[in-house]
Amino acid sequence: MRRVLQLLRLSPLLLAAGCFHRAGTSERIARDMGVLPANTVMLSQMMRELSAKPGFTEQLLQQFDKGSKNGLVFTPALFDTFRKLVLGKDWQGLDRFPGWTIHRVTQTVDAGEEAMQHNAQPSGDVLKVELGEHRLDRAENVSLNKPSTLPGFSEQGLVEPLGRDVVHGDGGDPELTPTHSESARLAKVLNRLSLNTFDPPGGKRTALFTASLDVRKAEQPEQLIQLLQLTGHTVTVSDARYFANFGHFHYKGQDVEMPFWLDTGLRVPPGHPWQRSRKYLIPVAHAEYEWVVRGPKINADVTFYFGIDGHAEFRTNDQLNQPWVLKREAHQYTGAQAIEVTRLTGSLLRAYAYLHTAHPTLPFGGYYTLGVCQDVVAAIEQHMTGATTIFPNTADTKYFHDQPDAEVFRLMDAIPKDTSGAPPTPERIFGSLPTTDFSKLTVPGLREDTERTYDAWKSGRVYRKSRIGEWISYAGIVLATVMVAAIAFSRRRRNA
C-alpha cells in the first residue's frame, strides 16, 4: 500500500520529468556517442567550443549566410532557425537541425519565392553547366585518342581555412585524384555533347560538337559511352546513395558531422509500455550517378547530380568523402543499360539548362523548385527498374511541362512528390539510406531509431504521426492513474 501511495505521489513528477516523454534525445545521443567514426566530432561540439571565443560564432554564421545566398540549402527561415539555435546555445537542437518535414522546408521556399524572384538578378552563369573552353556557338571536334592536357587535382578553391582551427571544404580522394585530368575532360565533353540539340529560349540552336575515339565520332553522350565500350573500355554507372554533408567542415583536424535532419512522418516505436513514440528523423540523403571508365586510353571517374550550387551537370568525382556519410550503390548499370542511363542523364541536363535560361532568377538556382539531387536519380531509377526508392523529391513539374522535351516531363511527372504533405512510403525512406546494414550508421542516436522503426515496418506495425494516437496514449495513462488511485483510496477506507 505504501508503494502505491508513493507511485501516486511520484506520477506527476514522472510525467513532468519525461518518463512518458518523446525521446530522451540527449540520453540517446550520449549513449550512442561512441559510434562516431574516428577523428570525428559533431557540429554541436565544434560550435560549443567556438562559442567561447568572442566574435568567431558570428563569423561562422556569416559563412553559412554567405553560402545561403549562393544557393546553399538554407532558406531565410532555415537560416534564422539555425542562427537562433547557435546563439541560444541549444546544442541538442543543433544536433537534429532542422527536424522539419520536407513539405515544411519547401514551404519556406514557396513563401518567399515571388519576392525573391522579383528582387533577384540573374547570375553570370545562367546556363549553369561547366563547359571549360568549349562554346555553344562553335563547332568543334575533341579527340580523346591522346591523354588529357588539363591540370591535375588541386585543393585551390575547394579548401578554405576560416581560422580558429576551422577549415571549410574537403580535399582529394587519393584513390581517385590520379584520374582528375581525364575525369575533368570527360565531364566537360559529356556536358557539351548533351547540349548539341539545345534550343535555348529566345536563342539560337547550338553548333555541332563531336568527340572522337580511334576513327569514330560521337555526337551525343550516350554515343560516347557506346564508343568507349567498343574500344575496349569498361563503363559502369552506379546509382550511389550517401548522407548529404551540408557543412564540409573540419575542426582541429577532425571531420565535423553536419547532417540536415528531416521528419519522415514515421514514428519510432516506444521501447517500453510507458514511453511515447517519437518522430523518426533521418539525415537527408544525397543521390548521384557515378561513371567509372577504365580502359586502354581513358581512365576517368565522373558523376552527375543537381547540386545545391544550382548546377545540373557532369562533374569530376574525386573529392574525399567524410566517413560518416557512408555509401551504398543501389543499382549498377553496364552495357546497354549504362548507355540508356547516360542518354536520359543528357536529356535531363538539357532540360535543366533550358529551365535555368528561361527562369534565371529562381531562388537558390532552382534548388528545391526544380528538385534536389534525388529527383533526377529517382526519375531514371523508376524508368530503369519500374519503381523508385528515393526520398525526398521536390521538383515542381509544372516547370518541366514548359520545357520542350516531352520524355523529360513524363520522367519527372511519374515520380512521387514530397511537397504536398503526403507522407513518403517506408520503401523510399529506408531506400534512401546509404547502407542496408544499420550497424554501420555512425550518426549518434540514428542506429537504434532506424532498427526499431524498420523492424516495426517489416512486422506490419508502421507508426505514423497521429495526434489521436497520442491522446489515446495520454488517456490510457490518466485512466491507469485514476484506477490505481481509486484502488488505493478504497483500501485505505477499508483499513480505517
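The structure contained in this document is the topic of the report that follows. (Residues numbered from 1 in each chain as written. Predicted model: local features only at pLDDT ≥ 70, side-chain atom pairs only at ≥ 80, totals over all residues. Heavy atoms only, no water.)

**Quick look at the packing of aromatic side chains**
For clarity, the threshold we go by: Only Phe, Tyr and Trp rings take part, Trp by its six-membered ring, and two of them pair if their centres are within 6.5 Å. Stacked means planes under 30 degrees apart, edge-to-face means over 60, and tilted covers everything else. We count a stretch as a helix when DSSP gives it H or I for four or more residues in a row; a strand needs E for two or more, and each element gets its number in order from the N terminus. Accessibility here uses a 1.4 Å probe with only protein chains present; expressed as a share of the type maximum, an area under 20% marks a residue as buried, one over 50% as exposed, and anything in between as partly exposed. Placement of a charge over a ring requires the Lys NZ or Arg CZ to be within 6 Å of the ring centre, with the centre-to-atom vector within 35 degrees of the ring normal.
One pass over the full model with this rule turns up 17 aromatic pairs. Here the aromatic rings of Tyr-352 and Phe-400 are separated by 5.4 Å at their centres, their planes lie at 75 degrees, and the arrangement is edge-to-face. Of this pair, Tyr-352 sits in helix α10 (residues 335-358) while Phe-400 sits in helix α12 (residues 397-401); the two residues are 48 residues apart in sequence, bridging distant segments of the chain. Across this residue pair, the class does not change: Tyr-352 and Phe-400 are buried. A ring pair is formed by Phe-430 and Tyr-454, whose centres lie 5.1 Å apart and whose planes are at 85 degrees; its orientation type is edge-to-face. Pair noted here: Phe-430 is in helix α14 (residues 426-431) and Tyr-454 is in helix α15 (residues 446-458), with a separation of 24 residues, a long-range link. Residue classification places Phe-430 among the buried residues on the basis of a relative accessible area of 8%. A network of ring pairs unites the aromatic residues Phe-306, Tyr-352, Phe-364, Tyr-367, Tyr-368 and Phe-400 as a single cluster. Sitting over the face of the ring of Trp-261, Arg-96 holds its NZ or CZ atom 4.0 Å from the ring centroid.

**Description of the pairing of strand β6 (residues 209-213)**
Heads up, the condition is: Strands are labelled as partners when DSSP assigns at least two bridges between them.
Extensive coverage of β6 is indicated by the burial of five of its five residues. Of the two faces of β6, the one holding Phe-209, Ala-211 and Leu-213 and the one holding Thr-210 and Ser-212 are both buried throughout. Of the strand pairs in this sheet, β6 and strand β7 (residues 216-218) are connected by three bridges, and their pairing is antiparallel. Of the residues in β7, the one forming a bridge with Ala-211 is Ala-218. Taking the residues that link successive antiparallel strands as the turn, the β6-β7 hairpin has two residues, and the phi of Asp-214 there is positive, at about 60 degrees.

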